[in-house]
Amino acid sequence: MSNFTTVSYKKDELNKELAKLFTTLLEQKTVDGIMVPCRQPSGTVMQTLITDPAQTAQVDPFAPVVPVSSAKLASSLTAKPSGKKIALVMRSCEIRALIELVKLNQANLDDTLLIAQDCFGRFENKDFYTLQEKNLTAESFIQAAQGGTTATDGLDVIEACTVCEHPVAANADIRLCLIGADSGTFGVEGVSAKGEQAVSDMGLSGNDGEGKRADALKTLVAARQEAFQQKFKEYQENINSFQALEENMAKCVNCYNCRVSCPVCYCKECVFVTDTFRHDGEQFLGWANHKGNLKMPTDTVFYHMTRMTHIGNFCVGCGQCTSACPNDVKLTMAFRSAAKVSQERFDYEAGRSLDEAQPLTVFHDDELVEVTGQVK
Ligand code: SF4
Ligand code: SF4
Ligand code: SF4
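Residues numbered from 1 in each chain as written. Chains lettered and ligands numbered in written order. Predicted model: local features only at pLDDT ≥ 70, side-chain atom pairs only at ≥ 80, totals over all residues. Heavy atoms only, no water.

A word on the site of ligand 2
In step 1: Not every one of the 13 residues close to ligand 2 is listed here, only the nearest: Cys262, Arg307, Cys315, Cys318 and Cys321.
In step 2: When contributions to the shell around ligand 2 are tallied by element, the ones reaching two or more residues are α12 (300–311) and α13 (320–324).
In step 3: For the shell around ligand 2, a count of residues per class yields nine nonpolar, three polar and one charged. (Near = heavy atom within 4 Å. Helix = DSSP H or I, 4+ residues; strand = E, 2+ residues; numbered from the N terminus. Nonpolar A, V, L, I, M, F, W, Y, C, P; charged D, E, K, R; others polar.)

Regarding the packing of α12 against helix α14 (residues 332–345)
In step 1: Interhelical geometry of α12 versus α14 gives an angle of 40° and a closest axis separation of 10 Å. By the angle between their directions, the pair α12 and α14 is classed as oblique. Viewed along their axes, α12 and α14 form a crossing whose handedness is right-handed. Packed against α12, whose contacting residues are His304, Arg307, Met308 and Ile311, the element α14 presents Ala334, Phe335 and Ala338 at the interface.
In step 2: Tallied by class, the residues present in the contact of α12 with α14 amount to five nonpolar, one polar and one charged. (Axes fitted to C-alpha atoms, helices over the stretch in contact; angles between N-to-C directions. Parallel < 35°, antiparallel > 145°, perpendicular 65-115°, else oblique. Left-handed = near helix turned anticlockwise from the far one by under 90°. Contact = heavy atoms within 4.5 Å.)

Focus on the nonpolar core
In step 1: By size, the foremost hydrophobic cluster in this structure holds 51 residues, and its most contacted members are Leu88, Leu98 and Met249.
In step 2: Elements with a contribution of two residues or more to this core: α2 (70–78), β4 (86–90), α3 (92–103), β5 (112–117), α8 (213–238), α12 and α14.
In step 3: Other than its neighbours up to four places away in sequence, methionine 249 contacts Val301, His304, Met308, Val329, Leu331 and Ala334.
In step 4: Counting 48 residues, the second-largest nonpolar core is a separate cluster that includes Cys161, Phe186, Val199 and Leu204. (Core = buried A, V, L, I, M, F, W, Y, C linked by side-chain atoms within 4.5 Å. Buried < 20%, exposed > 50% of the residue type's maximum accessible area, 1.4 Å probe, protein only.)

A short note on the packing of aromatic side chains
Each aromatic ring pair is characterised by the separation of its centres together with the angle its planes make.
In step 1: The tally for this structure, following the rule as stated, stands at twelve aromatic pairs.
In step 2: Measuring from ring centre to ring centre gives 5.5 Å for phenylalanine 123 and phenylalanine 141, while their planes differ by 65°; the resulting arrangement is edge-to-face. Placement of the pair is phenylalanine 123 in the loop between β5 and α4 (125–133) and phenylalanine 141 in helix α5 (residues 138–146), with a sequence separation of 18 residues. Take phenylalanine 123 and phenylalanine 141: they sit in the same class, and that class is buried. (Phe/Tyr/Trp six-rings, centres within 6.5 Å; stacked < 30°, edge-to-face > 60°.)

Next up, the structure:
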């Protein structure tokens, strides 16, 4: 039985109510710092590490924008213990990526309080800024999303979010709940023992019921699952050969933005920026001689296929790769499709549980018998 409190807010005061909760966590010394999305003077909303309880006024955790996945930021904050307790306010896809980084020893949750906000999706950065100029706020977006639409002024959330089956984080200490909430309210749910203690520190009773949350969540997830199945089917039909994959990636210029922005791309040194892929003129001319011409830069498809094999089991479908691409290469469905096949094959789901060993880090007798030839 989780502990759930409904908090009411007046029009345009959602962030004020949230700020009060974060201030209390800092004042009560429940945590020493909070990383939470905050409005910046320039109009952007970026993750911000707050240590002064008097500086929570700009928090805006439900703003529908994620300029950078906070999983890697959380990795930087926690990989080496600081001796301080940090609350991390993150979306489901960011927490799922963080779980994978913990398993890769690139993050540590010992001194963290994971606070997950319900997520109806995010806009591309430039769309978010456009909509802000037209007075989009977290509150107006939530109201529309709770009514069943995320599109506004001809712009909608990114494709990855329309097929995201995890609008609520499974692994969190506290959840900030909007799905199924009545207008002008949000829920605070203490999930783990330390989450329940923190909710109590915030001065919340934890005695309210969840209302329509379970039903609303079931409906939302079912719609997202159906949307994903449809996109997956289309992807399989359209990208059904190496040539089709090559065409899909044809605009890639090897800038590697997608690798940098991917929260689960884990190598400290990427093989594609080593001498292995710094070819010389003789090699290029040799390849060109095969067909009489050579499209450059080379290795673009090989780069994506390498990334798929490296992170296919860890991809959380966040869409940051597509968002980061300057050439509009549609990467999300490519990577989610590869991840679906790979993760299902290993009965693994990225970010589902800290207790599940990552595929290929353990050997099971009954795994991949068609490849290993293992006879039971
Ligand atoms: S993929 Fe989109 S909808 Fe899903 S948690 Fe991330 S930002 Fe939210
Ligand atoms: S491959 Fe793309 S969708 Fe998958 S985790 Fe990386 S950035 Fe997110
Ligand atoms: S961000 Fe786009 S152009 Fe750059 S490497 Fe990735 S797919 Fe290629």
